[in-house]
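# Working through the structure, step by step
Residues per chain are reported as follows:
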Amino acid sequence: MKRIKSIALQTLILTSLLCLAPISFKPAKAEDSLVIGIHPYLSQGELTERFTPLAKYVGNEIGRDIKIRVGSSYDEHIEYIGNNKIDIAYMGPASYINMTQQYGEKPVLARLEINGNPWFQGCIVAQKNSGIKTIQDLKNKRIAYGDPNSTMSFIVPHYMLMMAGVYTSNSPKYQFLGTHTNVALGVLSGDFDAGAIKPEVFNQYEDKGLIKIAVTPKISEHLFVTRSMLSPELVDNIRHTLLSLHQSEEGRHALQSIKKSISRLVEASHGDYENLNTIIAESRKFK
Amino acid sequence: MLARRPSTIWIGFIIFMIALLAAGYGIHNTHLQNEIDNFEEELTAEAELVSFIIHDQLQKHDYKSAEDFILNFGEKTNDIVEILLVSPNGFKLAHYLSKQTSEHVISRTINIRYSYDSSATLELSKKIDHIYRHDQLFITQLFIGYITIGVVLYYLAYSIALFGKQKHALVNENRQRIETERQLEETLNSLKERERNLNVTLNSIGDAVITTDQNGHIARMNPAAEYLTGWKVKQAMSEPLDRIFNIINEITLEPEDSPAREVLASGKLIKRDNDVILISKTGKKYNVAVSAAPIVETSEEILGVALVFHDITEQKRYQDKIRSLSQAVEQSPVSVMITDMEGRIEYVNSTFEKVSGYSSYEVIGKNPKILKSGQTSMKVYEDLWRTIKSGKAWKGEILNRKKNGELYWESANIAPVLNPSGQILHYLAVREDITHRRQQEEQILHQAHFDSLTDLPNRFLSLDRLSQLVRDGQRNNELVAVLFLDLDDFKKINDTLGHDIGDKLLIEAASRLQKEVRDGDTVGRLGGDEFIVLLGGLSHASDARPVVENLLNRFRDSFIIDNREMILTISVGISIYPNDGNDPSELLRNADSAMYHSKEQGRNTYSYFTDSMNHDVARRLSIEEQMHGALSRGEFYINYQPKVSVANRDIVGVEALIRWNNPALGDISPNEFIPIAEQTGLIIPIGQYILTEAITMAASWQTLYNDKFSISINLSPRQFRDPKLVSFIGETLNKSGIKGELLELEITEGVLMSAHSYIHDSLSAINKLGVTIAMDDFGTGFSSLSYLRQYPFDALKIDQSFVGDITNDKADRELVNAAIVMAHSLGLTVVAEGVETEEQLTLLAKMGCDVAQGFLFSQAVDAETIVALLTDKNKLASR
């Protein structure tokens with residue numbers, strides 16, 4: 001009996017040791033730094049400089065070192081967060097949707113609020129005296145877009161025109177002029193009948209003779225997400241830090257070094273991007 | 001006399017002065033006009049350069065870069081007052097406006113056409129105040145000169161007149177004094193001779209000259225020096241040179257020592273011609289080139305310093321301008337090359353070096369021919385030289401060769417540079433590397449015309465080739481054959497073995513087809529598993545026969561894909577130009593109809609098109625057209641044929657049979673519309689309609705008349721592809737409340753032959769619902785026993801074609817008997833279809849057949865009639 005007991009005891013001890021072994025490594029791992037990925041919308045140096053205050057601030061708050069990684073391309077950035085190779089990602093709305101369509105949803109931390117709005121709205125413009133009043137008037141007209149990857153200067157307005165049945169087999173092909181400014185100038189010069197631009201550019205050129213003939217649906221702003229499988233406590237911790245950034249001087253500084261016009265970060269969920277998701281999915285069907 | 005003389009002199013003097021002024025005015029005007037003309041040429045060149053550079057940016061609609069260039073050019077180039085780029089609707093695409101104001105401005109306007117319907121106007125304005133300032137100075141100098149000449153002449157004339165009148169008195173009174181004065185004057189003159197000679201020399205030198213004594217104090221200055229320093233000789237005399245010749249370094253802007261001190265110390269000549277700015281007394285700044293030399297007489301003692309300098313401000317300005325212009329050209333993102341009239345390269349920019357791989361020193365002095373790839377046609381070069389030699393710009397695309405031998409496409413804009421009289425001085429070539437764009441275009445062109453999987457011509461190109469063949473046939477009075485090929489049962493391969501294997505099979509099939517036709521014949525892929533073969537230049541329609549027979553033979557050999565052996569056959573339809581149509585789409589349509597005919601003939605064969613096929617196709621199309629919406633319009637309805645127990649002639653159930661009455665086509669047989677419904681997929685909603693309708697009806701009959709009353713419904717193979725089939729049946733049963741065992745689903749062997757796992761799964765699931773399954777049309781297919789064993793069948797329905805002959809055909813009788821025995825041994829109920837006579841029924845009863853249906857009892861009838869039959873069995877036809 002005694003012998004049986006001791007075997008049982010040995011087994012228990014051995015099992016506990018085996019169970020403890022992986023656990024005892026965990027704290028060391030917890031000290032590891034987190035990586036936040038940024039898509040390369042500016043040069044690497046510029047982006048590192050802009051996001052360093054945020055990485056430091058959030059890192060201090062959650063007690064982890066946060067490193068910045070600038071993706072070599074938009075696609076690579078999407079692939080990195082999609083395959084959980086980085087911990088946090090800052091993403092544009094279209095990239096986010098592309099990512100979720102390929103890799104599924106990730107925990108959403110927060111989205112930007114720019115001058116009080118957590119969304120943005122592009123516009124479709126024409127010349128004031130061109131007689132074009134609605135997007136229905138754009139059949140067989142020359143359309144200028146900015147960049148094929150740009151939400152406001154192509155994806156959303158293109159979808160609107162497509163749904164309005166503006167493109168016919170006789171339509172002249174629309175063109176990409178690279179930037180919002182070129183689109184505004186192309187419309188004003190008369191080379192194009194209409195174009196899609198962001199409101200800032202519209203405000204800049206409105207008094208030169210541009211009118212809005214349509215505005216896009218409200219598209220949710222840029223956002224931060226985390227990789228799958230980050231511990232829920234950590235995700236909550238980061239989210240709470242991000243959402244309360246605007247309440248401290250240092251936090252506000254971190255926000256504004258990313259972009260002057262960011263007023264704060266606000267809560268967001270996948271549902272906020274559902275309209276863009278539909279637009280991108282529907283647009284693909286037409287291709 | 002005396003009184004008249006001065007007035008005569010005055011009048012003469014005034015006339016003389018007016019003549020002088022008039023001449024002066026003329027000289028001045030010519031001078032001014034020349035200056036302006038020169039400046040205008042310069043302006044034209046600049047405007048052309050700007051338009052040349054922004055042309056490409058506008059062509060790409062990169063308005064912002066064009067604007068940036070204009071603003072930068074305006075900023076960096078001297079004297080530009082305004083540059084305006086305006087689109088035809090008046091919109092200012094770019095506007096550079098200098099901060100400096102100016103009174104005199106000249107402008108140049110150039111129209112830039114950057115696409116067939118887009119243009120913009122460039123207006124470049126420069127100030128020419130400095131020309132007028134120089135002009136004012138010129139007038140002032142002229143005026144002072146005239147006054148001086150006038151005054152001198154007046155006194156000369158007056159003296160002569162006075163001398164005449166008072167000659168004697170003067171001689172007498174002053175002879176002695178004059179003599180003394182003459183001697184004195186001679187002495188003075190001889191003394192001043194050297195001084196005057198020196199001054200005249202100095203004054204006539206265009207350069208400014210200052211001399212100092214050995215202490216570095218001013219000794220002499222000529223007028224040019226007075227003008228530049230702003231000091232008059234009298235004021236400057238004996239002043240230290242540093243004060244008068246006040247200079248700073250152009251780059252550091254720090255004051256500099258005058259070179260005089262160094263010369264006095266060293267006795268050596270010093271020259272500075274690049275970086276010295278002289279600040280005049282009034283604060284004006286001049287870039288000057290200065291040289292300072294020691295003044296040494298016979299003794300080697302240094303007596304002073306001679307400083308000679310001149311204004312190089314203008315020259316510097318030009319240098320700066322040329323530098324900024326050449327920087328703009330040098331940094332331009334496009335290749336720029338300038339050659340002389342003989343085509344020898346004089347200049348290339350860094351983009352050229354980068355693109356071509358040649359350094360500028362390797363190409364300067366050489367002919368641009370070194371870039372020739374030998375692949376651009378001579379015509380292009382001839383056109384190029386003809387255009388530019390006629391003084392016009394040439395634009396086109398050329399394939400060139402890099403130093404490393406790589407070929408590249410360039411979009412070139414080559415223009416002659418003309419002097420004002422229209423002579424060609426240089427050629428200017430602005431070129432852009434468009435290799436990438438050309439490659440993309442070629443790829444897009446290929447993609448537009450060729451199928452990406454098989455690389456065969458696609459539908460578009462195939463039809464284009466067919467049009468060409470038809471035109472040739474028309475011209476040469478020849479026939480054209482269109483072979484429409486469809487791979488038999490390809491869909492099954494895709495569905496069962498996957499698209500990868502399907503794709504590999506298509507590639508292999510395409511290559512077999514290509515090997516079997518002549519070199520000039522076209523094999524194209526129309527899409528999916530459809531191919532086309534075009535045979536031109538035929539004399540008889542039958543000429544296509546050997547080709548198509550060859551093709552069919554070629555497909556006899558099995559295909560081996562991924563170690564799997566497969567047999568694939570083709571069905572071919574042939575249409576002939578001009579017999580079966582005159583245009584490609586008609587020929588294609590008719591070949592398609594003929595192909596359908598081949599399919600109906602049992603596949604693996606070919607058919608020539610005939611007119612009757614057209615009718616079949618038209619009928620098919622109208623059925624297909626009418627079938628859409630027929631369900632919602634309530635055109636379908638169900639008839640029921642009673643199934644009767646052979647033993648006691650009780651109605652044990654009914655078979656539900658779909659019927660369609662369409663307002664346009666009338667009654668359409670299920671044999672005709674069911675295959676079409678299967679192909680279009682409409683069988684799914686139609687099948688659901690039958691299930692719902694028949695089961696609901698059966699439920700009511702069960703409650704009212706007979707709770708063992710069964711309902712039989714046919715399921716088509718296509719319905720099994722509907723993943724919701726089983727759940728739909730389950731739900732319908734639940735809703736109606738009838739027991740599964742009273743629903744019998746009839747399927748044919750065809751359903752089982754595809755051997756898809758989903759069929760097996762569906763049948764098992766249906767069986768689990770308790771629903772019974774009957775093998776329909778037994779005897780017409782393989783009549784395979786193994787199917788009956790393999791699947792959970794409950795009943796076997798013997799096809800009417802056997803039942804019809806059992807009374808007079810022994811073979812059929814034995815076959816039916818055997819089927820009944822076999823079915824019973826497997827525990828299946830046997831139903832005989834198409835029973836028409838009492839003799840047949842008697843025979844079937846002897847054989848032990850369980851249930852019968854047919855005209856002997858009733859044809860398929862509507863629900864009301866069934867109710868009547870159920871209430872009174874005597875109404876069955878046989879009674």
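Residues numbered from 1 in each chain as written. Chains lettered and ligands numbered in written order. Predicted model: local features only at pLDDT ≥ 70, side-chain atom pairs only at ≥ 80, totals over all residues. Heavy atoms only, no water.

## Things to note about the interface of chain A and chain B
Rules: Only heavy atoms enter the contact rule, under which two residues are in contact if any of them lie within 4.5 Å. In short, buried area is how much 1.4 Å probe accessible area vanishes from two parts on joining, totalled over both. Should a side-chain nitrogen of Lys or Arg be within 4 Å of a carboxyl oxygen of Asp or Glu, the pair is scored as a salt bridge. Polar contact criterion, stated in full: a pair of N or O atoms within 3.5 Å, where within protein one must be able to donate a hydrogen and the other to accept it, and residues adjacent in sequence count only if both atoms are side-chain atoms. Secondary structure follows DSSP: runs of H or I at least 4 residues long count as helices, runs of E at least 2 residues long count as strands, and numbering of each begins at the N terminus. In this classification, Asp, Glu, Lys and Arg are treated as charged, Ala, Val, Leu, Ile, Met, Phe, Trp, Tyr, Cys and Pro as nonpolar, and every other residue, Gly included, as polar.
If you look at the interface, chain A gives 14 residues, while chain B gives 12 residues. The contact between chain A and chain B buries some 1,000 Å² in all, and 53% of this surface belongs to carbon and sulfur atoms. Put simply, chain A and chain B have zero salt bridges between them. The interface formed by chain A and chain B holds 10 residue pairs in polar contact (both at pLDDT 80 or more) in total. It is helix α6 (residues 180-189) of chain A that contributes the most residues to the side of chain A that touches chain B, six residues altogether. When its residues are assigned to classes, the side of chain A that touches chain B shows four nonpolar, seven polar and three charged.

## Quick notes on empty space enclosed by the protein
All names here are of chain A. Selection rule: Throughout, the protein atoms alone are placed on a 1 Å grid, and a set of points is a cavity if a 1.4 Å probe fits but cannot get out or a pocket if it is open with protein on both sides within 12 Å along at least five of seven lines; lining residues have an atom within 4 Å of a point. Grid points are joined across faces, edges and corners, and a volume is the space filled by probe spheres set on the points.
Per the stated rule, a full pass over the model turns up four cavities of 30 Å³ or more. Of the pockets and cavities examined, the largest cavity occupies roughly 60 Å³. Ranked by residue count, the leading element in the lining of the largest cavity is helix α2 (residues 44-62), at three residues. Classifying every residue of the lining of the largest cavity by side-chain character gives nine nonpolar, no polar and no charged.

## Looking at unusual backbone geometry
Most peptide bonds take the trans form, and the phi angle of most residues other than glycine is negative. Residue and element names in this part refer to chain B. Following Y577, the chain continues to P578 via a peptide bond in cis, the omega torsion being 0°. Assignment of secondary structure puts P578 in the loop between β22 (570-577) and α17 (584-600). In this model, D455 sits at a positive phi of 60°, which is unusual for a non-glycine residue. Along the chain, the position of D455 falls in the loop between α12 (435-449) and α13 (459-476).

## Some remarks on helix α8 (residues 313-330) of chain B
To keep it simple, the criterion reads: Residue count minus one, scaled by 1.5 Å, sets the expected span of a helix. Classification of residues uses two cut-offs on accessible area relative to the type maximum, computed with a 1.4 Å probe and protein chains only: under 20% is buried, over 50% is exposed, and between them is partly exposed.
Here α8 of chain B spans 25 Å end to end across 18 residues, near enough to the 26 Å set by a 1.5 Å rise per residue. K316, R317, K321, S324, L325, A328 and V329 of chain B are the residues of α8 of chain B that are buried.

## Notes on the pairing of strand β15 (residues 407-418) of chain B
Residue and element names in this part refer to chain B. Threshold: We call two strands paired when DSSP finds no fewer than two bridges between them.
Taking burial as the measure, the 12 residues of β15 include nine buried ones, the bulk of the element. The sheet contact formed by strand β14 (residues 394-401) and β15 spans eight bridges and is antiparallel. Residue L399 lies in a different strand from β15, and its bridge partner there is W409. Linking two consecutive strands that pair antiparallel, namely β14 and β15, is a turn of five residues; a positive phi of about 90° is found at G405 within it. Sheet topology places β15 next to strand β16 (residues 424-433); nine bridges connect them, and they run antiparallel. Pairing of A412 across the sheet is with R431, part of β16. Counted between consecutive antiparallel strands, the loop separating β15 from β16 contains five residues, among which G422 sits at a positive phi close to 90°.

## Quick word on the sheet that holds strand β9 (residues 270-279) of chain B
Two orientations exist for strands paired in a sheet by backbone hydrogen bonds: parallel and antiparallel. Residues and elements named next belong to chain B. Test applied: Angles here are taken between N-to-C directions and fall from 0 to 180 degrees, while the axes themselves are lines fitted to C-alpha atoms, restricted in helices to the stretch in contact.
Pairing in this open sheet of seven strands is antiparallel, and the strands run β6-β5-β11-β10-β9-β7-β8 from one edge to the other. Of all strands in the sheet, those with a lone pairing partner are β6 (218-221) and β8 (255-256), marking the two edges. Two elements, strand β10 (residues 285-296) and strand β11 (residues 302-311), share nine bridges in a ladder whose sense is antiparallel. Residue P294 lies in a different strand from β11, and its bridge partner there is V305. On top of the sheet, helix α7 (residues 259-266) reaches β7 (246-249), β9, β10 and β11; it is set at about 145° to β11, its chief contact.

## Here we look at the sheet that holds strand β1 (residues 80-86) of chain B
Residue and element names in this part refer to chain B. The strand order β2-β1-β4-β3 describes an open sheet built from four strands, whose pairing is antiparallel. In this open sheet, the two edge strands, each paired with only one partner strand, are β2 (92-97) and β3 (105-115). The average angle at which neighbouring strand axes cross in this sheet is 10°, direction not considered. Lying over the sheet, helix α2 (residues 63-76) contacts β1, β2, β3 and β4 (118-127), oriented at roughly 15° with respect to β2.

## Observations regarding the pattern of salt bridges
All names here are of chain B. Following the criterion strictly, the structure yields 49 salt bridges over all chains and no others. Where D451 meets R525, a salt bridge forms, and the shortest distance between an N and an O atom there is 3.0 Å. In this pair, D451 is assigned in the loop between α12 and α13 and R525 in strand β18 (residues 522-527), connecting sequence segments 74 residues apart. Relative accessible area serves as the criterion here: at 13%, D451 is assigned to the buried category. Notably, a salt bridge pairs E814 with K810, separated by 3.9 Å at the nearest N-O pair. Taken as a pair, E814 and K810 lie in helix α26 (residues 810-825) at a separation of four residues, close to a single helical turn. The partly exposed category is assigned to E814, whose relative accessible area is 47%. For K810, a relative accessible area of 54% puts it in the exposed group.

## Re the packing of helix α3 (residues 74-82) of chain A against helix α4 (residues 93-103) of chain A
How two helices sit against one another is set out by the angle between their axes and by the gap between those axes. Residue and element names in this part refer to chain A. The criterion, for reference: In these notes the angle categories are as follows: under 35 degrees is roughly parallel, over 145 is roughly antiparallel, 65 to 115 is roughly perpendicular, and the rest is oblique. Definitions for this section: a left-handed crossing has its near helix turned counterclockwise from the far helix by less than a right angle. A right-handed crossing has that turn clockwise.
It is the contact of α3 with α4, at a shortest axis distance of 10 Å, that shows an interaxial angle of 50°. One element, α3, and the other, α4, form an angle in the oblique class. For the pair α3 and α4, the sense of crossing is right-handed. Only S95, N98, M99, Q102 and Y103 of α4 make contact with α3, whose side of the interface consists of Y74, I78, E79, I81 and G82. When grouped by side-chain class, the residues that make up the contact of α3 with α4 number five nonpolar, four polar and one charged.

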